[in-house]
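# An overview of the molecular structure
The residues making up each chain are set out below.
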Amino acid sequence: MNSMAGNYTTSDGREIGGVMMEMKNITLRFGGVVAIKDISFDIHEGEIRAIIGPNGAGKSSMLNVISGFYNPQEGEVWFNGKKRPSMKPYHVARQGIARTFQNIALFEGMSVLDNIMTGRLTHMKTGMLAQALWRGPAEREEVQNREVVEKIIDFLEIQHIRKTPVGRLPYGLKKRVELARALAAEPKLLLLDEPMAGMNVEEKEDMSRYILDTNDEFGTTIALIEHDMGVVMDLSDRVVVMDYGQKIGDGTPDQVRNNQAVIDAYLGVAHD
Amino acid sequence: MASAELVSLPALLARNMRDSGSHPAYREKEYGIWQSWSWNETGAEIEALALGFLDLGVAPGEHVAIVGRNRPHFYWSMVAAQMVGAVPVPIYQDSVAEEIAYVLDHCGAAYAVVEDQEQVDKTIEVKDRLPGLKVVIYLDGKGLRKYDHSHLKSFADLQAAGREKRGTLEAELSRRRDALTLDSTCVMLYTSGTTGRPKGVVLSNNNIIETSKSSGQFDVLSKDESILAYLPMAWVGDFIFAVGQAYWCGFCVCCPESATTMHDNLREIGPSYFFAPPRFFEEQITQITIRMEDAGRFKKWLYGSGMRLARRVGPKILDGESVSGMDRLKYKLGNFFVYGPLRNRAGLSNVRVAYTAGEAIGPELFAFWRSLGINLKQLYGQTEASVFITQQPDNEVRADTVGVPSPGVELKIAESGEVFYRSPGTFVKYYKNDESTASTKDAEGWVATGDAGFIEESSGHLRIIDRVKDVGKLSNGALFAPKYVENKLKFFANILEAVVHGDGREACTAFINIDLTAVGNWAERNNIAYGSYQELAGHPQVLDTIQAHIEEVNESLSTDDMLSGCQVSRFLVLHKELDADDGEMTRTRKVRRNIVAEKFADLIGALYDGSDRVSTETEVTYEDGRKGSIKATLEIRDATVFAIKALEAAE
């Protein structure tokens, strides 16, 4: 079950590029607890890559390694052909990686528009004083950034809540705002931590469509964690399966579905 | 105005470009900013599109379907289609694929201009059955990158192709444009089809232009009006307001950012000319009431006293009647503190003329808006008339009439009570349906509306009472119009639905459904515990309240010389809510009379046999399709019936 090397074409005819991110023999420990044990896999440019596994399998930890929030004790992270030194999440963000969170992490008191504008932070060059005075370059910069944000608002169809404080929104819409903020960073790689958790069928359908459209429209590479198997199998091009911190499967949805280790992990086989 | 050459929409467009080229014609909010197009810019866009249509090979007489929400591009598509001699056919954008397929197939549309992926998917779903459909043009390409583009084309590409080939196609375009006359088809609109299949109503340039001209004069509309186009483009009203009148008068049509931002956009635009169904005005009042209940004591007092004054003198001031100086001063103050902000809240600050139509509107609701100084009026119309049959002139506005015949319209009431009209706006025919055309429109041009009504002698206003097929007679020969009475009952917040029986009987009786929200709210405030709809519906105090409402309606009916026989003598409150899942209502929440009568025959029997309670069992369908049954014993009450007062008044 080795991950495929090089370019390939998906079942629906999309051309997938070369390796964008490669995780080599990652091991992550918290004290004596091993959250991730010697895992390797890669993410190709333009693909939708899912990480699945039962509760506590280490999926979110893996996403946190990719986003630079955790630095693994062992192993290497390669991004765009370069080995990544251990770095802070905001450095990672500047490299073009954006994410959403399992538990929504928005600024509740701020409007939807302002929340999404914060996603533009990595694209702002003028200083705080210049922005406060709002003259010359700072003004031009804000207008440009606002234009990008407005296009994302249009893309995700949230015009009607543009000025609404996030705290007043229902759950499904907050999730969409969080996606909007991540998109505002114009990421090359977008990490989604359970984008459909707690949603009803209709909201899931909407979210799936936005994820596919994002990939289609902006060519964004997407790595996502999700529990809903139906959604994962429909959306993703390739799937990594984790259980107890280890990789037990990797391949296309069809390959993974027929993998005995995966079936055991999901149906529950006694672990020694 | 020299109307000799103004024979088509493209001709009106040319006139507007000549006379007020820099005046805004369209506005649309996009990316958070209102974008606008002047008449000159509009002309250029439409011409590029029309040239694109020619490039595509659109032939005169072919049909171009248009499926999308209100956007300038779709209005341009309609005019561009006409410019090349084709017929625009707007379709309801929320129709399912089947319904769209029916219309596309019926009119044989060769081209469709649609909004986005959702609409493209619908056309693809039914494409196999529609060999005539050649090209689908889409406005928003999101998600369509991977689609097979052999039959798909983007709106922008079409215009670009048109611009590029202007040199070779221009002569053909002016030839086609010059060939248009008053008799050319302007638009084809499909009726919503509550009874049977939708029918394609063919309206000529003459229908639309004459109607727009005379209705524009009726309300003195000028090029300085602005309207918000938010009602379905496939509905005749939108075509008259946002195309006919807009092109005739040259005013600006504003399109909301999305369907969900309509209220915000309404406030930003502040239209001067506005149409909304009664539901809109109802919802606004509910919003205001809920907010006021949460407000502080001072604000509540201000609102309460302000509205009391407004109810007393507001409509009089609006109609220019005499009001004491003190009241006038107080109203001015109220206007500053209460009425102005409320109008602004509703987005109606600049409204000079507002219309509502479609359903009966409650008198309180009507009075509320008029007392705030909003010139809300009613009109009565239908697709076959290019909207206008009757409308209310300024200062002659009442809740229970629909106004005087619109300019150029003749009315006649048949023996059966059915309203007939004849006007310059009367449709040409139903497309490919001569049989229906003949049964609706007679040789002299009189059109049957299907509504029963009468013309009030004192005022000359038309009053609609019911659909002709529902109107009957009581056994004593008095007129029976159930819907008229039901509407009066439903104006009470506590009554959600009412079904009145009485055709061929000696007296009228009624089934009532209480409004669980309103009555539940009341129960909460009065510490009345209840476990279900059924329990609350059977509460003696609830029955008392409903009885009081019915008696109030009876009293008002007793002053009506035609309908005084329809007073409700006995009633019961149903043990379940009438529901579309059980087939008792249509999906659009209209009661299916015969099904209700059949299903609850035992209850109707009890209403007429004098018993004071009745036990029954009813089958219900749950939302997941399972079936169950409800058992109940219902109390039947008598309501006071009033002597006919109209006779005394006549003496």
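Within each chain, residue numbers correspond to sequence positions counted from 1 in written order. Chain labels run from A onward and ligand labels from 1 onward, assigned in the order the entries are written. In keeping with the predicted nature of the model, local features appear solely for residues at pLDDT of at least 70, side-chain atom pairs appear and are counted solely at 80 or more, and the whole-chain, interface and lining totals rest on all residues. Side-chain metrics in this entry use all non-hydrogen atoms of the structure; hydrogen atoms and water are not considered.

Here we take up the interface of chain B and chain A. Contact definition: two residues touch when any of their heavy atoms are within 4.5 Å. Listed per partner, the contact involves 14 residues of chain B and 15 residues of chain A. Throughout, the accessible surface (probe 1.4 Å) given up by two parts as they are put together, summed over both, is called the buried area. At the boundary of chain B with chain A, total buried surface from both sides reaches about 1,300 Å², with 44% on carbon and sulfur atoms. The salt bridge definition used is simple: a Lys or Arg side-chain nitrogen within 4 Å of an Asp or Glu carboxyl oxygen. For the interface between chain B and chain A, the tally reads four salt bridges. Of the charged contacts in the structure, one is a salt bridge between R145(B) and E217(A), with a shortest N-O distance of 3.4 Å. A 3.5 Å cut-off defines polar contacts: any pair of N or O atoms within that distance qualifies, except that in protein one atom must be a possible hydrogen donor and the other a possible acceptor, and neighbouring residues in sequence count only when both atoms are side-chain atoms. Counting the contacts that link chain B with chain A gives six residue pairs in polar contact (both at pLDDT 80 or more). Taken together, the residues of the side of chain B that touches chain A break down into one nonpolar, six polar and seven charged. For this classification, Asp, Glu, Lys and Arg are treated as charged, while Ala, Val, Leu, Ile, Met, Phe, Trp, Tyr, Cys and Pro are nonpolar and the rest, including Gly, are polar.

This next bit is on the sheet that holds strand 7 (residues 82–83) of chain A. All names here are of chain A. Spatially, four strands are ordered 4-3-6-7 in an open sheet, and the strand pairing comes out antiparallel. Bordering the open sheet on either side are strand 4 (33–44) and strand 7, each of which pairs with just one other strand. Taken together, the five bridges between strand 3 (residues 19–30) and strand 6 (residues 74–79) define a ladder with antiparallel strand orientation. Considered in strand 6, the bridge of M23 is made with V77. For two strands to count as paired, DSSP must find a minimum of two bridges between them. Helical segments are the DSSP runs of H or I of at least four residues, strand segments are the runs of E of at least two, and each set is numbered from the N terminus.

What follows covers a nonpolar patch on the surface. A patch is a set of surface residues, each over 30% in relative accessible area and not in a salt bridge, joined within 9 Å for like charges and within 5 Å for the nonpolar side chains Val, Leu, Ile, Met, Phe, Trp and Tyr. Areas reported here follow the Shrake-Rupley algorithm with a probe of radius 1.4 Å; residue values treat only the protein chains shown as occluding. A surface patch of nonpolar side chains, about 360 Å² in accessible area, is lined by L333(B), F336(B) and F337(B). Its location among the elements puts F336(B) in helix 13 (residues 325–346).

What follows is about the sheet that holds strand 7 (residues 152–154) of chain B. Residues and elements named next belong to chain B. Taken in spatial order, the five strands line up as 4-3-5-6-7 in an open sheet, and their pairing is parallel. At either margin of the open sheet sits one strand with a lone partner, and together these are strand 4 (87–91) and strand 7. Within the sheet, the average angular offset between the axes of one strand and its neighbour, ignoring direction, is 25°. The pairing of strand 3 (residues 63–67) with strand 4 spans five bridges and is parallel. When the bridges of strand 4 are listed, A65 appears paired with V89. Along the sheet, helix 2 (residues 39–56) makes contact with strand 3, strand 5 (111–114), strand 6 (135–138) and strand 7, crossing strand 6 at roughly 155°. Helix-sheet contacts for helix 4 (residues 97–107) involve strand 3 and strand 4, and the interaxial angle to strand 4 is about 165°. To define axes, lines are fitted to C-alpha atoms, for helices over the stretch in contact only, and angles between the resulting N-to-C directions are given on a 0 to 180 degree scale.

Residues and elements named next belong to chain B. Taken N-terminus to C-terminus, the directions of helix 2 and helix 3 (residues 72–83) make an angle of 55°; their axes are 8 Å apart at the nearest point. Considered as vectors, helix 2 and helix 3 are oriented oblique to each other. Both helix 2 and helix 3 take part in a crossing whose hand is right-handed. Listed contacts from helix 3 to T42, E45, I46, L49, A50 and F53 of helix 2 are W76, S77, V79, A80, A81 and M83. Residue composition of the contact of helix 2 with helix 3, grouped by class: nine nonpolar, two polar and one charged. For classification purposes, angles smaller than 35 degrees are called roughly parallel, those larger than 145 roughly antiparallel, those between 65 and 115 roughly perpendicular, and all remaining angles oblique. Helix crossings fall into two classes, left-handed where the near helix is turned counterclockwise from the far one by less than a right angle and right-handed where it is turned clockwise.

Scanning the model with the defined rule gives 56 salt bridges over all chains in all. D206(A) is paired through a salt bridge with R176(A); the nearest N and O atoms lie 3.9 Å apart. With D206(A) in helix 7 (residues 201–218) and R176(A) in helix 6 (residues 171–184), the pair connects residues that are 30 residues apart, well separated along the chain. The classification of residues rests on relative accessible area computed with a 1.4 Å probe and restricted to protein chains. Under 20% of the type maximum is buried, over 50% is exposed, and intermediate values are partly exposed. A relative accessible area of 14% means that R176(A) is categorised as buried. Across the pair K490(B) and E497(B) runs a salt bridge whose closest N-O atoms are separated by 3.6 Å. The buried category is assigned to E497(B), whose relative accessible area is 6%.

Attention shifts here to the domain arrangement of chain B. Residues and elements named next belong to chain B. Residue ranges for the domains trace back to a domain assignment, done automatically or taken from a database. The domain architecture assigned to chain B consists of domain 1 (9–275), domain 2 (278–416 + 443–467) and domain 3 (471–650). The distance between the C-alpha centroids of domain 2 and domain 3 comes to 27 Å. Buried area between domain 2 and domain 3, summed over both chains or domains, comes out near 910 Å², and the portion from carbon and sulfur atoms is 63%. For the pair domain 2 and domain 3, the number of links is one salt bridge. Here R463 and D560 are joined by a salt bridge, their closest N and O atoms 2.7 Å apart. Where domain 2 meets domain 3, there are four residue pairs in polar contact (both at pLDDT 80 or more). Breaking the side of domain 2 that touches domain 3 down by element, the ones donating at least two residues are strand 20 (447–455) and strand 21 (462–467). Of all the elements, strand 21 adds the most residues to the side of domain 2 that touches domain 3, at five residues. By residue class, the composition of the side of domain 2 that touches domain 3 is seven nonpolar, one polar and three charged.

Let's shift gears to a positive patch on the surface. Where like charges cluster on the molecular surface, the positive patch consists of R168(A), R267(B), R291(B) and R345(B). The residue R291(B) is located in helix 11 (residues 278–294) in this model. When charges are counted, neither His nor the chain ends are considered; positive counts come from Lys and Arg and negative counts from Asp and Glu. Think of each charge as sitting on NZ of Lys, CZ of Arg, CG of Asp or CD of Glu.

Residues and elements named next belong to chain A. By the assigned domains, chain A splits into domain 1 (1–96 + 187–272) and domain 2 (107–184). With centres defined by C-alpha atoms, the gap from domain 1 to domain 2 works out at 27 Å. Joining domain 1 to domain 2, the criterion identifies one salt bridge. Our enumeration of links across domain 1 and domain 2 arrives at five residue pairs in polar contact (both at pLDDT 80 or more). Of all the secondary-structure elements, those providing two or more residues to the side of domain 1 that touches domain 2 are helix 2 (89–94), strand 9 (189–193) and helix 7. Broken down by element, the residue count for the side of domain 1 that touches domain 2 peaks at eight residues, all from helix 7. Considered class by class, the residues forming the side of domain 1 that touches domain 2 number ten nonpolar, two polar and seven charged.

The next thing to look at is the packing of helix 11 of chain B against helix 13 of chain B. Residues and elements named next belong to chain B. Axis separation between helix 11 and helix 13 bottoms out at 11 Å; the angle between their running directions is 125°. If you check the angle between helix 11 and helix 13, you find them oblique. Remark: the crossing between helix 11 and helix 13 carries right-handed chirality. Residues F280, Q284, I288 and R291 of helix 11 lie in contact with helix 13, whose contacting residues are L342, R345 and A346. Considering only residue class, the contact of helix 11 with helix 13 consists of four nonpolar, one polar and two charged.

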